[in-house]
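What the coordinates show
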Amino acid sequence: MKQENKLNTRVLTGAIRSSFLYVFEPREDMGGRLKYSLEVLQPKSDKQTMDDVNRAIKNAITEKWGNKPPANLYIPVRDGDIGGPTGLGGKDVQIGDEPYKDHFFYTASNTKNVTVLDSGRRPIINESDVKSGDYFHASLNFYGYEAKNDKGVIVKKGVGVSLRGLMFIKKGEALGSDFDASGDFDSIEASDADGADLAFLNV
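So, here is what we can say about the structure in this document.

Here is what the cut-offs are and how they apply
- Residues numbered from 1 in each chain as written.
- Predicted model: local features only at pLDDT ≥ 70, side-chain atom pairs only at ≥ 80, totals over all residues.
- Heavy atoms only, no water.
- Buried < 20%, exposed > 50% of the residue type's maximum accessible area, 1.4 Å probe, protein only.
- Helix = DSSP H or I, 4+ residues; strand = E, 2+ residues; numbered from the N terminus.
- Pairing = 2+ DSSP bridges.
- Contact = heavy atoms within 4.5 Å.
- Core = buried A, V, L, I, M, F, W, Y, C linked by side-chain atoms within 4.5 Å.
- Phe/Tyr/Trp six-rings, centres within 6.5 Å; stacked < 30°, edge-to-face > 60°.
- Lys NZ or Arg CZ within 6 Å of the ring centre and 35° of its normal.
- Polar contact = N/O pair within 3.5 Å; in protein donor to acceptor, adjacent residues only side chain to side chain.

Next up on the list: the pairing of strand β3 (residues 34–43). Counting buried residues in β3 gives eight out of 10 residues, a clear majority hidden from the surface. Note that strand β2 (residues 16–28) and β3 share six bridges and pair antiparallel. Of the residues in β3, the one forming a bridge with E28 is L34. Where β2 folds back onto β3 in an antiparallel hairpin, the turn is made up of five residues, including G32, whose phi is positive at roughly 85°.

In structure tokens form, the structure reads like this:
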């Protein structure tokens, strides 16, 4: 139907980079709910995807509240060149931080299992085959919501992003918890005697 097309809230992205990737095992969110999730790093150069995201957000608002959206509505998309909370990472993004620079970013999640495909559209089963930092196409759905406290009072209204699935594009430099810190110790002289320099740890 025509109205359905007008209120299309789904987006199939161009190439996005993944951060805080939890699509095989759910992670507890701030509300204590287990969710499969990732932080989407969307290049600003991908204007088509941004147009699609803006359209989906607008339609999600209209679908939920009609032509009278509430004041102080939370919009999930943030500008990596301005900064702000990551939503998943536990720290604020500072201006110019990598890998947020020149990207928009937002969290997408789902309480249900997420489809994860390789570049040949075959299901990826092994968690070790993908990691935070890899590039994907993402299938997303935007929706309006009203969050209530334990007394049933609405405390927040906004637009959320549901993660439907991912399709692998290519490997990327590891982000999040997947990193190699061995280079951090290059300035320290190595000892040939096992444990010789660690005597202070024996208590």
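Right, picking up where we left off after that structure.
Right, let's talk about the environment of L12 for a bit. Note on placement: L12 falls in strand β1 (residues 10–12). A relative accessible area of 63% means that L12 is categorised as exposed. Along the sequence, L12 and H137 sit 125 residues apart, while their C-alpha atoms lie 6.8 Å from each other. Apart from the residues within four sequence positions on either side, L12 is in contact with A138 and S139.

Moving on to the nonpolar core. By size, the foremost hydrophobic cluster in this structure holds 32 residues, and its most contacted members are L38, V53, Y106, L140, F142, L163 and L166. Taken together, the elements giving at least two residues each to this core come down to β2, β3, α2 (47–65), β7 (103–110), β9 (135–148) and β10 (154–170). No other element matches α2, which puts seven residues into this core. Once residues within four sequence positions are removed from consideration, L166 is found in contact with L21, V23, L38, V114, T115, V116, L117, F136, H137 and A138.

Under the counting rule described, the total for this entry stands at four aromatic pairs. A ring pair is formed by F136 and F168, whose centres lie 5.9 Å apart and whose planes are at 80°; its orientation type is edge-to-face. Pair noted here: F136 is in strand β9 and F168 is in strand β10, with a separation of 32 residues, a long-range link. Comparing F136 with F168, the two get one shared label, buried. Ring centres 6.3 Å apart and planes at 55° place the aromatic pair Y143 and Y145 in the tilted group. Overall, the relative accessible area of 32% leaves Y143 in the partly exposed class. Across from the ring centre of F104, 5.3 Å away, lies the NZ or CZ of K44, which sits over that ring.

So, on to the side chain of D118. Tracing the chain through its elements places D118 in the loop between β8 (115–117) and β9. A polar contact is formed between the side chain of D118 and the backbone nitrogen of G120, at a distance of 2.8 Å. In this structure, D118 is in contact with I124, M167 and F168, ignoring residues within four places of it in sequence.

The subject of this paragraph is unusual backbone geometry. With a phi angle near 65°, D102 is a residue other than glycine that sits in the positive phi range. In this structure, R121 is a non-glycine residue whose phi angle is positive, near 65°. Mapped onto the elements, R121 comes out in the loop between β8 and β9. Of the residues examined, R121 reaches a relative accessible area of 64% and is grouped as exposed.

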